[in-house]
Protein chains: 4
Amino acid sequence: MSVPAQLGVGLISVGWMGRLHSRAYLAAAHHYPELAARATLVMAADPDEGGRQHAADALGYRQTTADYRDVLANPDVDIVSICSPNFLHHEIALATIAAGKPFWIEKPMGRGVRESSEIARGAATRGLVTSVGFNYRHAPAIAHARRLVREGAIGTVTNVRVAFMADYSADPSGALTWRFQRDRAGSGVLGDLLSHGADLAQFVVGRITSVTAMTETFIAERPLPRANAASHFSKGDDSDPKGLVENEDYAALLARFDGGAVGVLESSRVAVGPRAEYALEVYGTKGSLRWDFQRMNELQLADGGSGYRTMMMAPDNGEFARFQPGAGTGMGFDDLKTIEAYLFLRSVLENRQLAPSAADAWSAAEVVDAAVRSAASGKWVDVP
Amino acid sequence: MSVPAQLGVGLISVGWMGRLHSRAYLAAAHHYPELAARATLVMAADPDEGGRQHAADALGYRQTTADYRDVLANPDVDIVSICSPNFLHHEIALATIAAGKPFWIEKPMGRGVRESSEIARGAATRGLVTSVGFNYRHAPAIAHARRLVREGAIGTVTNVRVAFMADYSADPSGALTWRFQRDRAGSGVLGDLLSHGADLAQFVVGRITSVTAMTETFIAERPLPRANAASHFSKGDDSDPKGLVENEDYAALLARFDGGAVGVLESSRVAVGPRAEYALEVYGTKGSLRWDFQRMNELQLADGGSGYRTMMMAPDNGEFARFQPGAGTGMGFDDLKTIEAYLFLRSVLENRQLAPSAADAWSAAEVVDAAVRSAASGKWVDVP
Amino acid sequence: MSVPAQLGVGLISVGWMGRLHSRAYLAAAHHYPELAARATLVMAADPDEGGRQHAADALGYRQTTADYRDVLANPDVDIVSICSPNFLHHEIALATIAAGKPFWIEKPMGRGVRESSEIARGAATRGLVTSVGFNYRHAPAIAHARRLVREGAIGTVTNVRVAFMADYSADPSGALTWRFQRDRAGSGVLGDLLSHGADLAQFVVGRITSVTAMTETFIAERPLPRANAASHFSKGDDSDPKGLVENEDYAALLARFDGGAVGVLESSRVAVGPRAEYALEVYGTKGSLRWDFQRMNELQLADGGSGYRTMMMAPDNGEFARFQPGAGTGMGFDDLKTIEAYLFLRSVLENRQLAPSAADAWSAAEVVDAAVRSAASGKWVDVP
Amino acid sequence: MSVPAQLGVGLISVGWMGRLHSRAYLAAAHHYPELAARATLVMAADPDEGGRQHAADALGYRQTTADYRDVLANPDVDIVSICSPNFLHHEIALATIAAGKPFWIEKPMGRGVRESSEIARGAATRGLVTSVGFNYRHAPAIAHARRLVREGAIGTVTNVRVAFMADYSADPSGALTWRFQRDRAGSGVLGDLLSHGADLAQFVVGRITSVTAMTETFIAERPLPRANAASHFSKGDDSDPKGLVENEDYAALLARFDGGAVGVLESSRVAVGPRAEYALEVYGTKGSLRWDFQRMNELQLADGGSGYRTMMMAPDNGEFARFQPGAGTGMGFDDLKTIEAYLFLRSVLENRQLAPSAADAWSAAEVVDAAVRSAASGKWVDVP
């Protein structure tokens, strides 16, 4: 075998997701040794010294910088991971497109449908392949669910339930960071979580064509972050001054899908009980199936009238065989990112767009946007 | 102890529910020996000879008749159970009111909000106590859930999920009986099943004030019943002529509750997988709880951030102690009817209305009616 | 139809089980109307005034007495329910046999294998049909499990797990009642709970032929009951004098079955967590199945390698159809006793022994006895 | 920060486990950046060309060889991973000890207690730190369970249940590879799987002091492997000649622990239903807890009488925080190996033995050996 070619990676923002992207590029080589090129960690940008240090020392980036533009300008950087706070996605993605580099971007890709569409269309115009962090798609159980649906194992799909219930903002003493500000975050749980749910539903069932929605902000105000509080996991206390939460904690949608199915989509970032319960249920004329991210290695399948079978994912389901030798030995969340990295690398190497791409993020943003408009008008809104 | 007084029972229609009412009256004396009167099975009406025979031989009714008016006219009949097909409820209930007899009626009480309101208002005008078959209310787990909510164990209620998924009409070869006809059944799954869900949500959380809804008929046509097919469990085959299903197989609602909570209610009679999965989930600022009729002796409670506890119902939950001596030994569905009978008998004996009554059925009918109107208009509709 | 014949019931001891037997006799007529005779509650014996009063007022016995011999001598009593404390079973059963009356006896039938064998052999000698309270057998899921095993759905049975974990004696302040005394109760959890498990395993798989066992008493002493404490649910406190618990809280067995299967049986009366988790698991060469009394309407079946299906019991499973019209609507514990009553009544009416009988109780007592001997010797012991 | 020191890794055998060790060494640097040295993949040995190629191309080893002795002789190799088939463990481990290199060895460490003790004592004599692949220990739920037990959250431990049920040999057409031969594999499921369970029980509860055991071989013969069949996942068919399986498919033990607790341990490699259901249950006087590898991110805790709470592991449980930012986002099996690599690297760098080590493997081998002897004698056997 010839020495593999190198694909130089530039990383923008070294937070949780930036670290995960970096590890995923490296892991892809282990799990997909047939890839025609190895990713090499070239340059990482972060305004924060600690982030840069972690990139150099723990992750092994050759160079670091405080300015993401250095990454885009670096001739050794072939591909870019955009893991910055959401409100910078649009600016950075457009600059990356201008630099002519394929990119893998976290979601929500933009603060709204305008930003998302500009990114998706910009990349398409330049002929750049992209990837977007719709990681739940890559769970073998989701791949298997999609296959079962396409093969007709549950008949014609009639209705879908998506319920993404999380507690990451459930503590009312959590500080009023940018996530709760409309101008910086755009929508709240709709963009952050329900967009994942909408993507899964569209991935497995088909396009959402119209929605009617309801949104609520259950925790109306939160402590203002203190001057030195960097993280949005920082907590306030009762004596802290408070500010208004500007986007929604909870959203619920009724939806219609292309092809006649209907659905209910619901999401909360302030639920107390479920931790990261991201559930998809698909009902058809001959059966139904259920998945929950908290038990991501399982798929519940009723392919007839006599109850749900709990299937542990196995080597013949999705990408499972690349990770574990037998059913019951579980994959973890990070493995989903390795699959995502692999698909991105393949897209780049083969110069053909594998899913999910910026176009999928745009599509999910349209669902979110329609939900926002419907919540304001009280009416059904078509998803363009 | 003096010889207990007798309350003479008249039964109208000896189907599954009629038999269950009869057994429940008798069982109430065993589980609630302090009741000041015993129910005596006096007279049962059924147009069908087999039903009458079962009433006499197995249940022990003293008299039987083909004409329900005989029951109402019988001076030994003090209280009446109305278990006929839904399309006769209105006529029979009004006749029972005219006869001045308290009654226990199955649901949906009427084919629509008009019939339901006439029954509820008629009984109120005559000062008659009533009971309605919202049996799921009586599960000790629901009683306990309601108490937990009222005591603030989960904080302020923010959102509710009701999902009543059944398969009783999932077989497309099931004959086109009266259940599928709008003039005889009124609505479909909305009245039959979602009304139960709406009642539970209102019982535990509070009044639903507005809804937006979507309904679907997934199995558009069914075989016409053959001449000799008595039951709506009868099956057709491919050669049978077919007719159109006139009411909905599936409904989904977004709802707003008095007091600020919101909710999603969903129901299907044609789901394949769940058998009688009637689930209620209530989320609050400090916790959440979950119940499913299929595991009716359990309540899932998260009263903090660290996950759901599976509580087996125990003697201190609702009416459990009347039925079983210790947690883990399960009550059955029929026991819920015994509680319902007990509450009805107590209402009669004390001449004060315990819940659930015809007024609750009317309230649920208003939710159903608002949903029907919303599904037609695509707009939010207030529940009167 | 002719007026049904009467079978006069005599009840000995009006505690929880006595009341349940009484209700079950009556309910049998409702669920099995084809029975050629109706049970009539003739006479109940209880040394306690309250018990007698409940028998008369709530249950409807015509006569009551403090002396069980009056029941046996009563010519209107055709059949007898023996629900006394265990330490009286032997005396009463032998007297009942002497009186020539078929009986339904609760378990453990005797305080040891000698008492059990004398009862079983006595009844056989007199040609009396009997029934014994192995109620878990009657769960439709157990009936279905047995049928699946016999039909080969899981291949050849290889190994069995029985784990009956309860908390009814878990509170160390529970008083030292007769249950904890060797001369009155015999063994502890072995007779009380594990005997049920052994019966289920033998019912589904086959005869246990040898065991090796280990027993433990985790709560070595308990408060002596106060003079006025009637119930064994009475609690002591720290100042109460204590006495030694004389029988085992916990037992575990390795077992060999006729036909080559092996098994592990385990039971605790002092577990904290499970309430009445009575679990049976059967593994075979082609599949396996699992049942837990706490979810008695469900059966887990893996009939191949791809995971367990949760089957809600349905009308075609065991006696389910006699109780509920469709899957998902649950039976309760009391319904199992109704089935038990029905089988006893049928045995009497047809004068042929249906299972479970005193012979099955004797068989389970042999397993318990072998376990006791093995726990003492540390060796494998054959079950005669 | 200074350039980190390097620890040169030598790998012996490039199968599933060898690959996993290699990735784990690299991942340890990402998840534990504070480690004072980086592992560098120096040399991999495998008799198979494909294994060597994978080591070089996918894993990035600098050198490869067919002879493991080259690895031990390589001066750049500081530490060794022994991932060969079990029957070579003893020879290779002793050679590694002779070479004076710390090693991480997979389990079962030896084919019996003699081999295991020689390895453990040899390493101790030479003062070499070791690690052994008892990977389940590292699950955050197990770490949390152990902590809860030590803090008294469930009171005094009374009894333990270990049930490790797998299906990896359930197919009777699976070829008769070395795993089924006593001279090459030693015991069957006892060494392969139950040893893990014994280790978990000892890790959480304490030392096992005596056992009585029963073993069975349910699939008595298997097709002889064909000449060209390398893998033990190869299948035969009915026409293939068959040979006898020489070690056990199933084992069950009763056990006594230091400190008074008792337990039941059970394991099967031929169960059909569970895939890799490796369950530990610990009961105490105040509560109990349950874990299953198939849902490794969950812990069931009953810290009182009101039922089990399903806790999703969270950043404050074990090493979870090194892998995921919040509860509900799951770790995978490979992450457990990363923790194992980290502990081994720390042991080496700090030159002090962290657990689990060869001594723990020896201890588990003693339990297995006692079980083998007890199964032969039918008596209780002390574990030395």
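Peer 1: How would you summarise the environment of Phe333(D) if you had to cite specific residues and measurements?
Peer 2: Its place among the elements puts Phe333(D) in helix 9 (residues 333-350). Residue Phe333(D) is classed as buried on the basis of its relative accessible area of 1%. Residues Phe333(D) and Tyr136(D) lie 197 residues apart in sequence; the distance between their C-alpha atoms is 8.6 Å. Excluding anything up to four places from it in sequence, Phe333(D) contacts Gln324(A), Thr329(A), Gly330(A), Trp16(D), Met17(D), Leu20(D), Asn135(D), Tyr136(D), Phe293(D) and Met296(D).

Peer 1: Talk me through the relation of the copies chain C and chain A; I want residue IDs and the actual numbers.
Peer 2: Taken as rigid bodies, chain C and chain A are interconverted by a rotation of 180° and an axial shift of 0.0 Å, the fit giving an RMSD of 0.0 Å. Both copies of the chain, as the preceding transformation shows, are related through a two-fold rotation axis. Across chain C, the rotation axis passes nearest the C-alpha of Arg309(C), at a separation of 1.9 Å. By residue overlap, the copies meet face to face through one surface: 100% of the interface positions of chain C are interface positions in chain A.

Peer 1: Can you explain the interface of chain C and chain A? Please cite residues and give values.
Peer 2: Listed by partner, the interface residues are six residues for chain C and six residues for chain A. In total, chain C and chain A occlude about 520 Å² of area from one another, counting both sides; carbon and sulfur atoms represent 37% of this. Summed over the shared surface of chain C and chain A, the result is four residue pairs in polar contact (both at pLDDT 80 or more). Taken together, the residues of the side of chain C that touches chain A break down into two nonpolar, three polar and one charged. Here three bridges tie strand 16 (residues 308-312) of chain A to strand 16 (residues 308-312) of chain C, and the two strands are oriented antiparallel to one another. The residue bridging Arg309(A) from the neighbouring strand is Arg309(C), located in strand 16 of chain C.

Peer 1: Can you lay out the packing of helix 6 (residues 140-150) of chain D against helix 8 (residues 189-204) of chain D for me, pointing to particular residues and giving the numbers?
Peer 2: Residues and elements named next belong to chain D. Direction vectors running N to C along helix 6 and helix 8 enclose 40°, while the axes themselves pass 9 Å from each other. It follows from the interaxial angle that helix 6 and helix 8 lie oblique. On helix 8, the residues touching Ile-142, Ala-145, Arg-146, Val-149 and Arg-150 of helix 6 are Leu-200, Phe-203 and Val-204. Its residues assigned to classes, the contact of helix 6 with helix 8 shows six nonpolar, no polar and two charged.

What counts, and at which threshold
Along every chain, residues carry numbers that run from 1 in the direction the sequence is written. Labels follow written order: the first chain is A, the first ligand is 1, and so on. Predicted model: local features are reported for residues with pLDDT of at least 70 only, side-chain atom pairs are reported and counted for 80 or more only, and whole-chain, interface and lining totals are derived from all residues. Values shown for side chains rest on all heavy atoms present in the structure; no hydrogens or waters enter the calculation. Comment: elements are numbered from the N terminus, with helices defined as DSSP H or I runs of at least four residues and strands as E runs of at least two. For the exposure calls, accessible area comes from a 1.4 Å probe over protein chains only, and a residue counts as buried if that area is under 20% of its type's maximum, exposed if over 50%, partly exposed in between. We call two residues contacting when some pair of their heavy atoms lies within 4.5 Å. When the copies are superposed, the least-squares fit takes in the C-alpha atoms of residues with a pLDDT of at least 70 in both. Buried surface area refers to the total accessible area, computed with a probe of radius 1.4 Å, that the two partners give up upon joining, counted for both partners together. For this analysis, a polar contact is any N or O atom pair within 3.5 Å, provided that within protein one partner can donate a hydrogen and the other can accept it, and provided that sequence-adjacent residues contribute only side-chain to side-chain pairs. Each residue gets one of three labels, nonpolar for Ala, Val, Leu, Ile, Met, Phe, Trp, Tyr, Cys and Pro, charged for Asp, Glu, Lys and Arg, and polar for the others, Gly among them. Following DSSP output, two strands are said to pair if at least two bridges run between them. A fitted line through C-alpha atoms serves as each axis, taken over the contacting stretch for helices, and the angle formed by two N-to-C directions is quoted from 0 to 180°. By definition in this entry, angles of less than 35 degrees are roughly parallel, angles greater than 145 are roughly antiparallel, angles of 65 to 115 are roughly perpendicular, and the rest are oblique.

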